[in-house]
Each structure stands twice: as C-alpha cells, then as structure tokens.
Amino acid sequence: MSSADVREAITQAHRGEWARVVAALTRRFGDLDIAEEAAAEAFAVAVERWPADGVPPNPGAWLTTTANRKAIDRIRRESKRDDKQREARTVYHDDPPEPPGAIEDERLRLIFTCCHPALAPETRVALTLRMVGGLTVSEIARAFLVQETTMGQRITRAKAKIKTARIPYRVPSAEDLPDRVSGVLAVLFLVFNEGYLATGPGTDPIRHDLSAEAIRLTRLIRALLPADGEVAGLLALMLLTDARRPARVSATGELVTLEEQDRGAWDSALIAEGHRLVRERLAAGVAPGRYQILAAINAVHTSARDVRDTDWSQVVALYDQLVRLDPSPIVALNRAVAVAEIDGPEVALAAVDRLADQLAGYHAYHATRAHLLRRLGLGGQARGAYDKAIELAGNTAEIAYLTRRRDQLGDRSRSMPIEGS
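In short, a report on the structure. All figures in this text were calculated on a predicted structure; none of them were measured in a lab.

### A look at the overall build of the protein
Part 1 of the reasoning: Helix and strand counts for the protein come out as 20 helices and zero strands.
Part 2 of the reasoning: When the 421 residues of the protein are sorted by exposure, 53% land in the buried category.
Part 3 of the reasoning: Carbon and sulfur atoms form 50% of the exposed surface of the protein, whose accessible area is close to 19,300 Å².

And the structure:
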C-alpha cells in the first residue's frame, strides 16, 4: 500500500471512527478530556505506525484499543493524586456498563450528554461538534462566526464545567427526551451543514461522511420521537438538501448553483422521502417549527423541474413565516434572495444592506451583495463584494465559483444567489 493510500486510510478512519472512539472512552472513563486526548493520541500513533506496519484489518478496533491504553497510561500517571484514585480504580475493575436507557447508539448517547441542560445552548452545540462530529476548533468557530481562540476557550470551559459539576455520562430517560431534543437537533443541523459545505482547510468541499452521519442520527431520533414535528422537519430538510449533492460540485471542483445544476442528477428517492415527510407535517394541522418551514422551502425548490418553474411567491411566503419564528439576520438574508426573484435586485439589495452591521463577517452576505450588484450592472462594487466574500469563504468549491464570477464581471447574465446552492 502506497503512502498516499495509508494517508487516505487514516483520513477515512478519522472521519468514520472518531466519534465511536470518543464515545467508547467517555462511557468507560467518564471524562471528556481523557476521551478526547486519548483518541487524538491514538490517531497520532496510527500516523506513525500504519505506514510501516500497514493499515490494520479493523481500524476502528485498533484505534479504540490504542486509545484505551493511552487513557489508562494517563490515569495511572495521575493516580498518585488523591482525587484521581477513584478514576484509576475504574481502569482495573470491569464494572458492568450502565444500561443504555432510551438510546442504544453510543454516539447519539454522547450527543445527549454534551447537550446537557446545565450548559449554555451555544456551548452544547460547540462541544458536540468537537466531541461527536470531530470538527476542528477552527471549523466550529467559522460555523459560529467567532474567533478561533474564543471558540477554543468556550469548549475548554464546557468540559471543565462537566467535570466540576460532575455531569454524568448518562442517557436521559424516555420522558426527558422531548425537553432535550431541541439542542440535539441544533447540533445535528450544524454537523450536516459542515458536511454539505465543508469549511476546513485541505478538506473536500463536500464531506459526505458528516452529512450521512447527521442523517443517520436524525433517523434514530425520529424512531424515538415519531410524533415530533421538528424531528421530522429536520430529517426532511436534510434529505432534500442531500438529494442535490451529486450535482453541487463540477468536475473541476467548482460549486454549481441551483440555477445551473443538472436536476436529472438529483437523488429522486431522497426527494420523494423528503416530500412525503413535508406532506405528513402539513396534514398534521399543527403550526410548523423552524425546521419544518425550511424543509417546505426546500420542497418548493426540489418540486420545480426547471429553475424557471420555481414558485418564488411561495418561497417568500414561507420565509415570512420563518422570520416570525426566527428573526435572525441570516434568515432575513435568505428571504432577500427570494425577494430578488419577485421584486428585483434593487429591492433585495436595500434589504441586504440593512444587515451590514450584523453580517459583516459572514461570507454569504458579501456573496449575495455581489450577485445583486452584478445584476444591477454595478461591476466595480460587485468586484469589491466578491473580493470580500472570497476572503471570508472557507469552502474550496465556493471560492472557485466566486472567483470565476468575479473574473467574468463583463458577463451581464444573471446568477443565482447563495441561498439556492
């Protein structure tokens, strides 16, 4: 096996096994710091040994065994301290595992643990993205539009609070699940988004492993809470979005916007399942939540055989509903994109410009402005907006697309805004 093949095997193992290893170690040792550090050390050993020894037949088992040994070594080193004696004893005694409770999937159990109500909502999301999604601190910081150092401190404080407050690695009971699920859905949505439009340096523009894992875990929650409309809505949203994945990146590695995508390449089975879930929620006659409305918007987009058949009035009406539930600047930005298709780019640009103070550090804000300015024939201003969007964007395919559009400003043809990618 070549060195390139070994590197690829390690990359794939990290994507597929990180969460399993961390979850297994957290369950055994009850300490997120130990679990994360030992998992990281196990992958470091793999980087050192696999090129010489070869990739093991079962990489996940090899990594878990190695990580367990690293964790035991650390606890033994620290067991001289009085407050570590109890933790050290857990290494030498095979106590029966805690019953799984309502959730048998270990990674999903870890998500619920990281989403403990004692932690602030944003902290829960960030911690879970790190511990379960395996995202780097830099990737998580981009998702939250904050500095990397700020996010690192937030995650460190969260782990410290779990340890100090003795928050257990414990599955919530079935009756507690509905109260805990909103934080978990937020985590899964961000994990999916990172897979759908990956921001990490040197990563593929689309990380199917992350989006597939988010879908898998959401299906598990759907089985646990079949009557929860927002769970169904999030699953539908993920399916309808993931259905477009085969057409989203060109052979040259450039983002392909909704306007230009080959709709014949979309996954018809995922679209059918997503539409069915949306129809089920509509038939329920219950006021929809955020994920259900986002799923309905995607259902409108995926129902059109051609972009010219899109019912933009319906899209704007759905965004009007969403704004009442979630009056965030990003929702307002996406609504403006749809407004441009009905009232024109000048009206939409005025709405976008009102978001300048809130979204100055968000690449999609500048990309949307660039597209609207381009449609208005304001090439110089559009170029400046493209430059800023390229500077802030982290996805390689998106950067390639924005760069081409900037460099083709002599072309006065319309382009589809980011919301439709």
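There is more to say, and it comes next.
### Observations regarding helix 5 (residues 106-114)
Because an α-helix packs 3.6 residues into every turn, residues spaced three or four apart end up facing the same way.
Part 1 of the reasoning: A large share of helix 5 lies buried, amounting to eight of its nine residues.
Part 2 of the reasoning: Among the residues making up helix 5, those that are buried are Arg 107, Leu 108, Arg 109, Leu 110, Ile 111, Phe 112, Thr 113 and Cys 114.

### Quick notes on the packing of helix 15 (residues 329-343) against helix 18 (residues 363-375)
Part 1 of the reasoning: Relative orientation of the contacting elements helix 15 and helix 18 amounts to 15 degrees, with a least axis distance of 11 Å. On the basis of their axis angle, the class for helix 15 and helix 18 is roughly parallel. As helix 15 packs across helix 18, the resulting crossing turns out to be left-handed. Residues Leu 333, Val 337, Ala 340 and Glu 341 of helix 15 form the contact with helix 18, whose participating residues are Ala 364, Tyr 365, Thr 368, Leu 372 and Arg 375.
Part 2 of the reasoning: By residue class, the composition of the contact of helix 15 with helix 18 is six nonpolar, one polar and two charged.

### Let's talk about the state of the cysteines
Part 1 of the reasoning: In the structure shown here, the tally under the stated rule is zero disulfides.
Part 2 of the reasoning: Its sulfur unpaired, Cys 114 is 6.7 Å from the next cysteine sulfur, which belongs to Cys 115.
Part 3 of the reasoning: By relative accessible area, which is 0% here, Cys 114 ends up buried.
Part 4 of the reasoning: Accessibility expressed as a relative area gives 1% for Cys 115, which makes it buried.

### Digging into helix 16 (residues 345-353)
Part 1 of the reasoning: Listed as buried for helix 16 are Pro 345, Ala 348, Leu 349 and Val 352. Buried residues of helix 16, seen end-on, are gathered within an arc of 100 degrees and therefore sit on one face of the element.
Part 2 of the reasoning: Turning to helix 16, the residues buried within the fold contact helix 15, helix 17 (356-359) and helix 18.

### Some points on the pattern of salt bridges
Part 1 of the reasoning: A full pass over the atoms with the stated rule returns 20 salt bridges.
Part 2 of the reasoning: Note that Lys 159 and Glu 36 form a salt bridge whose closest N and O atoms lie 2.4 Å from each other. Pair noted here: Lys 159 is in helix 8 (residues 148-164) and Glu 36 is in helix 2 (residues 32-53), with a separation of 123 residues, a long-range link. Here Lys 159 matches Glu 36 in class, with each residue buried.
Part 3 of the reasoning: A salt bridge links Arg 335 to Asp 320; the nearest nitrogen and oxygen atoms lie 2.6 Å apart. Taken as a pair, Arg 335 in helix 15 and Asp 320 in helix 14 (residues 312-325) lie far apart in primary sequence, 15 residues in all.
Part 4 of the reasoning: Look at Arg 335 and you get partly exposed, because its relative accessible area is 27%.
Part 5 of the reasoning: When its relative accessible area of 27% is taken as the criterion, Asp 320 is described as partly exposed.
Part 6 of the reasoning: Connected through salt bridges with shared partners, the residues Asp 33, Glu 36, Arg 130 and Lys 159 form a single ionic network.

### Comments concerning the nonpolar core
Proteins that are soluble and globular tend to have nonpolar side chains buried together.
Part 1 of the reasoning: Within the largest apolar cluster, 124 residues are counted, with the highest numbers of intra-cluster contacts made by Leu 63, Leu 127 and Ile 221.
Part 2 of the reasoning: Here Leu 127 is in contact with Leu 32, Cys 114, Leu 119, Ile 155, Ala 158, Lys 159 and Ile 162, once residues within four sequence places are set aside.

### So, the packing of aromatic side chains
Part 1 of the reasoning: A full pass over the atoms with the stated rule returns four aromatic pairs.
Part 2 of the reasoning: With 6.0 Å between their ring centres and 35 degrees between their planes, Trp 18 and Phe 43 make a pair best called tilted. Here Trp 18 is found in helix 1 (residues 3-29), whereas its partner Phe 43 is found in helix 2, with 25 residues between them in sequence. Take Trp 18 and Phe 43: they sit in the same class, and that class is buried.
Part 3 of the reasoning: Judged by centre distance (6.2 Å) and plane angle (10 degrees), the ring pair of Phe 192 and Tyr 196 falls under stacked. Taken together, the residues span about one helical turn, with Phe 192 and Tyr 196 both in helix 9 (residues 177-196) at a distance of four residues. Note on accessibility: Phe 192 and Tyr 196 belong to one class, buried.
Part 4 of the reasoning: Seen from the ring of Tyr 196, Arg 248 lies directly overhead, with NZ or CZ sitting 3.7 Å from the centre.

### Section: the environment of Ile 72
Part 1 of the reasoning: Position of Ile 72 relative to the elements: it lies in helix 3 (residues 59-78).
Part 2 of the reasoning: Under the relative-accessibility criterion, Ile 72 is labelled buried at 15%.

### Comments concerning the side chain of Thr 302
Part 1 of the reasoning: One can find Thr 302 in helix 13 (residues 290-303).
Part 2 of the reasoning: Taking relative accessible area as the criterion, Thr 302 reaches 9% and is therefore assigned buried.
Part 3 of the reasoning: A distance of 3.3 Å separates the side chain of Thr 302 from the backbone oxygen of Ala 299, its partner in a polar contact.
Part 4 of the reasoning: The contact partners of Thr 302, leaving out residues within four places of it in the chain, are Leu 240, Arg 244, Trp 266, Ile 271 and His 275.

### Thoughts on the side chain of Asn 298
Part 1 of the reasoning: Secondary-structure assignment places Asn 298 in helix 13.
Part 2 of the reasoning: With residues up to four places along the chain from it excluded, the contact list for Asn 298 reads Leu 237, Leu 240, Thr 241 and Arg 244.

Rules used throughout
- Residues numbered from 1 in each chain as written.
- Predicted model: local features only at pLDDT ≥ 70, side-chain atom pairs only at ≥ 80, totals over all residues.
- Heavy atoms only, no water.
- Helix = DSSP H or I, 4+ residues; strand = E, 2+ residues; numbered from the N terminus.
- Buried < 20%, exposed > 50% of the residue type's maximum accessible area, 1.4 Å probe, protein only.
- Areas by Shrake-Rupley, 256 points an atom, 1.4 Å probe, with all protein chains shown as cover.
- Axes fitted to C-alpha atoms, helices over the stretch in contact; angles between N-to-C directions.
- Parallel < 35°, antiparallel > 145°, perpendicular 65-115°, else oblique.
- Left-handed = near helix turned anticlockwise from the far one by under 90°.
- Contact = heavy atoms within 4.5 Å.
- Nonpolar A, V, L, I, M, F, W, Y, C, P; charged D, E, K, R; others polar.
- Disulfide = S-S within 2.5 Å.
- Arc of directions from axis to C-beta.
- Salt bridge = Lys/Arg side-chain N within 4 Å of Asp/Glu carboxyl O.
- Core = buried A, V, L, I, M, F, W, Y, C linked by side-chain atoms within 4.5 Å.
- Phe/Tyr/Trp six-rings, centres within 6.5 Å; stacked < 30°, edge-to-face > 60°.
- Lys NZ or Arg CZ within 6 Å of the ring centre and 35° of its normal.
- Polar contact = N/O pair within 3.5 Å; in protein donor to acceptor, adjacent residues only side chain to side chain.

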